[in-house]
Amino acid sequence: MSQEPILSATDLVTRIREGQWTATESTPRHLAIIAQRNSSLNAFVEVWRDEALERAAQLDRKRASGATLGSLFGVPIGIKSNLCVTGHVCSCSSKMLANYRPTYSATVCQRLLDADAILLGRTNMDEYAMGSGTEYSIYGPTRNPHQEVGPNAVSGGYSPGGSSGGSAAAVAGGMVPIALGSDTGGSIRQPAAFCGVYGLKPTYGRVSRFGLVAYASSLDQIGPIATTPDDLELLFQVIEGPDRHDATSLSRETVQQVETKLRHKSVEQLRVGIIREHAEQDLAPTVRRALEETQAYLKSAGATLVEVSLPRQAHAIATYYLIASCEAASNLSRYDGMHFGHRANVPEQNATLEQVIAASRGEGFGAEVKRRIMLGTYALSHGYAEQYYQQATRMRQAIRLDFATAFANVDVLLGPTTPGPAFPIGAHRQDPIAMYLTDQFTVSANLAGLPAISVPIELGKLQSNESRLPVAVQFHAPPCGESRLFSVAKALHERNQTAKLGAVA
Ligand code: GLN
């Protein structure tokens, strides 16, 4: 078995269920890969080795007993460090929560356990999910498993994207077949694109946010990262569904009603809208090619391609960073060293309450988090709220409307996930705005509450001077249109397999 390649979650479940492998045999393989690769990738910040092995043994006993087996039976999973798992540190890669051990599990983590998965450990992320490079972390940066080759290669390695960069790197590095991330403005899709794997941001409300440490509550969604669309769907099916602990979670009836209206369509029946405002942007050559090759493929598969316009796209980034920062400032006000979070060691007899709070927040939060809190607090302050926050919420509504208008005419929307492939670690350290712009194509899905998927694209023959780093395209669907996204991704996955063999020109 040790010679076997790492399997997808779907294949692993089948083998274990059929008795060809046991969880006790397969789990140590994943732990060994982590032990071998994590010192250079820094994808996992904690591995729950003993617990995982014990659980594997327990699952094998369950199988032997003839009990019904869950759909993720024996599958090892990486969990982003902003998701609560009972008894384990949930730090959000922040000093503020470095010692926080929740006494409950996030609904998604509980559902994984109920589906007989094995939680292998927690993955690195940008502090409080604010960032696009998994560099703003108390554990140091994560590295992308992919490297540029030839003269373009950089010695420090490439960013895996962020903020779910640890989860994407863990999947791309073969440590786990699937992992969970969270996406507030692109934090699943952008790292998935940079690492050459699949990532889904579900419809707002389809996946419970209970037990996810809040960044911007009206934008946050938890979602899957995987190496195949089948695995992505498998993981999504386990975590989605209503939850009485999350008042914004959609009921089964609502989802079913909307799904029935959407009707299933195969790729040749699809009307695919090409987002003009995204396609017209300054894209890296390989990203442009990914978009063109995807269009060519869809056309050859019988889909109808039409150009569509989302006129307010130019305002998406400004709208997103305003709303996200306002919600972050509000959500993070609870971390004051009194109620929650890191408490500075200030001699209390000499200090006022404000001084203790200021010192605790000053020590506990990193620079990027402070930047967001200041921006959000300013934008919400008396006299400015109307000028900034209210205006941003109106623009958000207009962006939503743009999508609704587009979906009256097309089934899915196609565009790039990111303007370019992964950047070298540290490339945007001096320039936060350049970092923010890597999210320019992803934030609108969160503003509009839509599902969106990042699909890696295997390019046809590359010139010797072209980048070898992974590239991806993104599809948006109407609310609850996840199954459309899975079917397009599955078709493109097959195309990718052919392209890998060099059969696509
Ligand atoms: N990079 C974006 C931000 O910093 C998105 C983060 C996310 O989706 N969690 O806000």
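Here we summarise the structure given alongside this text. (Residues numbered from 1 in each chain as written. Predicted model: local features only at pLDDT ≥ 70, side-chain atom pairs only at ≥ 80, totals over all residues. Heavy atoms only, no water.)

1. What to know about the site of the ligand
Neighbouring residues of the ligand: 15 residues in total, closest T184, G185, S187, Y215 and Y320. Within the side chain of Y215, a nitrogen or oxygen atom sits 2.6 Å from an oxygen atom of the ligand. Looking at side-chain class alone, the shell around the ligand contains five nonpolar, seven polar and three charged residues. (Near = heavy atom within 4 Å. Polar contact = N/O pair within 3.5 Å; in protein donor to acceptor, adjacent residues only side chain to side chain. Nonpolar A, V, L, I, M, F, W, Y, C, P; charged D, E, K, R; others polar.)

2. So, the nonpolar core
General note: in soluble globular proteins, nonpolar side chains tend to be found buried as a group. Counting residues in each nonpolar core, the largest one holds 58 residues, and the members touching the most others are L72, L112 and F475. In this view, L112 contacts L72, I77, I79, A117, L119, L180, L235, V238 and I239; residues no more than four positions away in its chain are not counted. Core analysis: the next-biggest nonpolar cluster, separate from the first, contains 43 residues, M96, V213, A328 and A406 among them. (Core = buried A, V, L, I, M, F, W, Y, C linked by side-chain atoms within 4.5 Å. Buried < 20%, exposed > 50% of the residue type's maximum accessible area, 1.4 Å probe, protein only. Contact = heavy atoms within 4.5 Å.)

3. Description of the packing of helix 4 (residues 107-114) against helix 7 (residues 229-239)
Where helix 4 meets helix 7, the axes come as close as 8 Å, and the angle between the chain directions of the two elements is 110 degrees. The orientation of helix 4 with respect to helix 7, classified from their angle, is roughly perpendicular. Taking contact as the criterion, the partners of V108, R111 and L112 in helix 4 are, on helix 7, L235, V238 and I239. (Axes fitted to C-alpha atoms, helices over the stretch in contact; angles between N-to-C directions. Helix = DSSP H or I, 4+ residues; strand = E, 2+ residues; numbered from the N terminus. Parallel < 35°, antiparallel > 145°, perpendicular 65-115°, else oblique.)

4. A word on the pattern of salt bridges
Overall, the coordinates contain 21 salt bridges when judged by the stated rule. Residues R209 and D246 are paired through a salt bridge, measuring 3.7 Å at the closest nitrogen-oxygen approach. Here R209 is found in the loop between strand 5 (198-201) and strand 6 (221-226), whereas its partner D246 is found in the loop between helix 7 and helix 8 (252-262), with 37 residues between them in sequence. Here R209 and D246 have matching classes, each one buried. Where salt bridges share partners, they join R206, E240, R252, E259 and E482 into one cluster. (Salt bridge = Lys/Arg side-chain N within 4 Å of Asp/Glu carboxyl O.)

5. Considering the side chain of H342
Relative to the assigned elements, H342 resides in the loop between helix 11 (316-331) and helix 12 (353-364). Within polar-contact distance, the side chain of H342 engages the side chain of E363 at 2.7 Å. Setting aside residues up to four positions removed in sequence, H342 forms contacts with K95, M96, G337, S360, E363 and G364.

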